[in-house]
Protein chains: 2
Amino acid sequence: MHGNGLIAVDWGTTNRRIFVLGVDGSVEQREADARGVTAIAADGFPAEMAELRARFGDHPLLLAGMIGSTRGWKEAPYVACPVTLPQLSERMLWVEPGRTAIVPGACIAGGELVDVMRGEEVQVFGAVAAGLIEPDGLLCHPGTHAKWVRLEAGAITGFRTFMTGELFALLREHSILSAQMIGDSSDCSAFREGVRRSLDHPGALTSHLFGTRARILLGKLKEEDAASYVSGLLIGADVATGLDLGPGSVGLIGAPALTGLYAAALDESGRSHQEVDGEEAFVAGARALVETFA
Amino acid sequence: MHGNGLIAVDWGTTNRRIFVLGVDGSVEQREADARGVTAIAADGFPAEMAELRARFGDHPLLLAGMIGSTRGWKEAPYVACPVTLPQLSERMLWVEPGRTAIVPGACIAGGELVDVMRGEEVQVFGAVAAGLIEPDGLLCHPGTHAKWVRLEAGAITGFRTFMTGELFALLREHSILSAQMIGDSSDCSAFREGVRRSLDHPGALTSHLFGTRARILLGKLKEEDAASYVSGLLIGADVATGLDLGPGSVGLIGAPALTGLYAAALDESGRSHQEVDGEEAFVAGARALVETFA
């Protein structure tokens with residue numbers, strides 16, 4: 001661990017999570033707030049860093065996520081897959097040497113299907129470094145833009161992003177289904193029915209989504225179950241395609257409420273899985289990155 | 001044709017199209033406005049009908065579409081498939097006998113996959129009655145909620161709805177892709193690339209949608225082509241599943257700008273097609289329905 005402690009920030013578009021690590025690597029403080037990159041003016045980042053150090057101590061800063069994107073503070077160019085933890089560390093952008101580093105994202109740049117990630121790679125490498133998941137296998141990181149990741153000998157060799165969480169939010173807030181999609185999704189029989197329908201026929205997703213309305217009109221679905229049914233359709237389609245990335249048990253990394261829904265969907269698919277808390281994985285990743293440069 | 005002419009209205013959720021037919025069945029006037037059912041107060045429909053007759057003449061009124069839904073004036077219950085033109089006519093809701101009729105919608109109520117339509121059935125039967133399409137085959141009616149319809153001996157024996165147009169609008173107006181999805185979709189190389197990607201792998205739609213952003217970030221897609229690419233992905237997924245309804249040439253019924261995009265997508269799939277103007281099909285359907293009760 002770094003000799004002076006560390007402030008590690010998982011800095012997203014609309015939110016950020018801050019972890020203050022002690023000299024021994026333990027988490028001394030953790031906070032979350034809505035100061036994602038879009039909440040900060042383009043010239044406001046240096047003051048933001050000073051403010052973090054004033055609040056949490058004059059420690060080195062390790063910044064991951066959208067902070068390194070074109071919408072963030074400074075662009076840390078993507079590292080192309082396959083990528084390992086040491087490669088990610090070597091390609092960190094040092095805003096101030098030894099003091100302030102931005103972790104680059106990962107990309108798939110060759111071939112027909114290209115993709116990008118920023119932030120999840122720290123959780124993935126952290127989960128491996130902490131022994132929470134095996135260095136070979138399949139991972140899923142649910143969320144607004146859910147990631148499915150293939151790991152081989154500790155390297156990220158491929159991944160795919162799905163617009164799962166964003167589509168759920170769009171449908172709930174702005175669509176013909178909005179009036180019925182009250183509340184959050186939960187692992188109920190309507191959720192599982194949606195999952196099975198998409199596992200059986202993922203290509204018919206946009207038809208099954210409209211079918212939510214038809215099922216309510218024809219008395220096949222209760223209005224109060226609409227959000228769970230739609231969530232099941234979206235997560236089922238996501239799982240059906242994500243599983244194509246490889247065999248074996250799936251490590252689910254993220255917030256427990258979300259990984260629980262994916263665990264239920266994986267149960268319907270017959271694939272085994274284990275859940276890993278995303279915050280613990282991020283902290284482990286920050287520790288591992290600091291060790292490679294300390 | 002009815003001895004007194006006819007006012008036929010294709011009455012949707014947000015828009016309506018009005019056709020005044022003469023004694024010989026010819027279209028004497030046609031208008032379109034934004035007085036869809038949601039623009040009219042629940043108790044405002046009788047006054048609306050009086051206003052239509054004051055403007056267009058004291059003729060019988062034939063009303064189709066969402067006007068017969070629970071959100072419209074009076075509910076005309078769905079007729080379950082298989083449904084023929086005479087059955088639709090028999091099940092019309094007569095608000096005032098011989099003067100004011102609401103055409104019911106069609107539904108698929110049995111089995112696992114249920115579905116509903118209101119309004120498109122008039123265009124489908126009209127296109128057959130006018131000899132614009134064969135009484136056996138596959139039809140597609142693009143739109144906010146695109147319909148694929150199976151016709152057998154002039155009866156609608158099955159159909160499926162896809163949330164294609166609505167998802168396009170949600171993504172363009174409210175998503176992470178909004179800033180790039182400028183303008184409308186057109187049949188360009190980016191549109192065709194999106195179509196092919198979805199035809200090859202319709203189950204990965206939500207991943208390909210996110211891929212739009214990755215392609216722009218990595219220089220594989222120009223921002224100005226984003227709307228066409230997304231449209232190609234959505235229409236391609238729609239076509240890939242719609243074609244499963246049956247063999248043969250596809251009749252495309254609707255507005256020419258939209259049927260043209262579907263024609264391009266069907267070209268990519270290798271399936272033959274012919275385009276039919278949706279307004280002409282509706283007028284032909286109104287004529288045919290009037291003949292069955294006149």
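Residues numbered from 1 in each chain as written. Chains lettered and ligands numbered in written order. Predicted model: local features only at pLDDT ≥ 70, side-chain atom pairs only at ≥ 80, totals over all residues.

**Examining the sheet that holds strand β1 (residues 6–11) of chain A**
Residues and elements named next belong to chain A.
In step 1: Taking strand neighbours across the sheet as the criterion, the 6 strands line up as β3-β2-β1-β4-β7-β6 in an open arrangement whose pairing is mixed. On the outer flanks of this sheet lie β3 (27–33) and β6 (93–96), each paired with one strand and no other. Between one strand axis and the next, the sheet turns through 15 degrees on average, direction left out of account.
In step 2: Across 5 bridges, the pairing between β1 and strand β4 (residues 61–65) is parallel. (Pairing = 2+ DSSP bridges. Helix = DSSP H or I, 4+ residues; strand = E, 2+ residues; numbered from the N terminus. Axes fitted to C-alpha atoms, helices over the stretch in contact; angles between N-to-C directions.)

**A few points about the relation of the copies chain B and chain A**
In step 1: If you rotate chain B by 180 degrees and push it 0.0 Å along the axis, it lands on chain A with an RMSD of 0.0 Å. Taken together, the turn and the small shift mark the pair as related by a two-fold rotation axis. Every residue of chain B has its C-alpha some distance from the rotation axis, and the shortest such distance is that of B:G203, at 1.9 Å.
In step 2: When the interface residues of chain B are mapped onto chain A, 97% of them again fall at the interface, so both copies present the same face. (Least-squares fit on C-alpha atoms with pLDDT ≥ 70 in both. Contact = placed C-beta atoms within 7 Å.)

**What about the environment of A:A32?**
Residues and elements named next belong to chain A.
In step 1: Along the chain, A32 falls in strand β3.
In step 2: Separated by 72 residues in the primary sequence, A32 and P104 place their C-alpha atoms 21 Å from one another.
In step 3: Contact partners of A32, with chain neighbours within four places excluded, come to N15 and R17.

**Points about the interface of chain B and chain A**
In step 1: Opposite the 37 residues of chain B that make contact, chain A presents 36 residues.
In step 2: A per-element tally of the side of chain B that touches chain A places helix α6 (residues 205–217) of chain B first, with 9 residues.
In step 3: Residues belonging to the side of chain B that touches chain A are distributed by class as follows: 21 nonpolar, 10 polar and 6 charged. (Nonpolar A, V, L, I, M, F, W, Y, C, P; charged D, E, K, R; others polar.)

**Describing helix α1 (residues 45–56) of chain A**
Residues and elements named next belong to chain A.
In step 1: For α1, which comprises 12 residues, the first-to-last C-alpha distance of 16 Å matches the rise-based estimate of 16 Å (1.5 Å per residue) to within 8%.
In step 2: Burial runs low along α1: only 1 of the 12 residues are buried.
In step 3: Of the residues one or two after α1, G57 is the one with positive phi, at around 110 degrees. (Expected span 1.5 Å × (residues − 1). Buried ≥ 20, exposed ≤ 12 C-beta atoms within 10 Å, placed from the backbone.)

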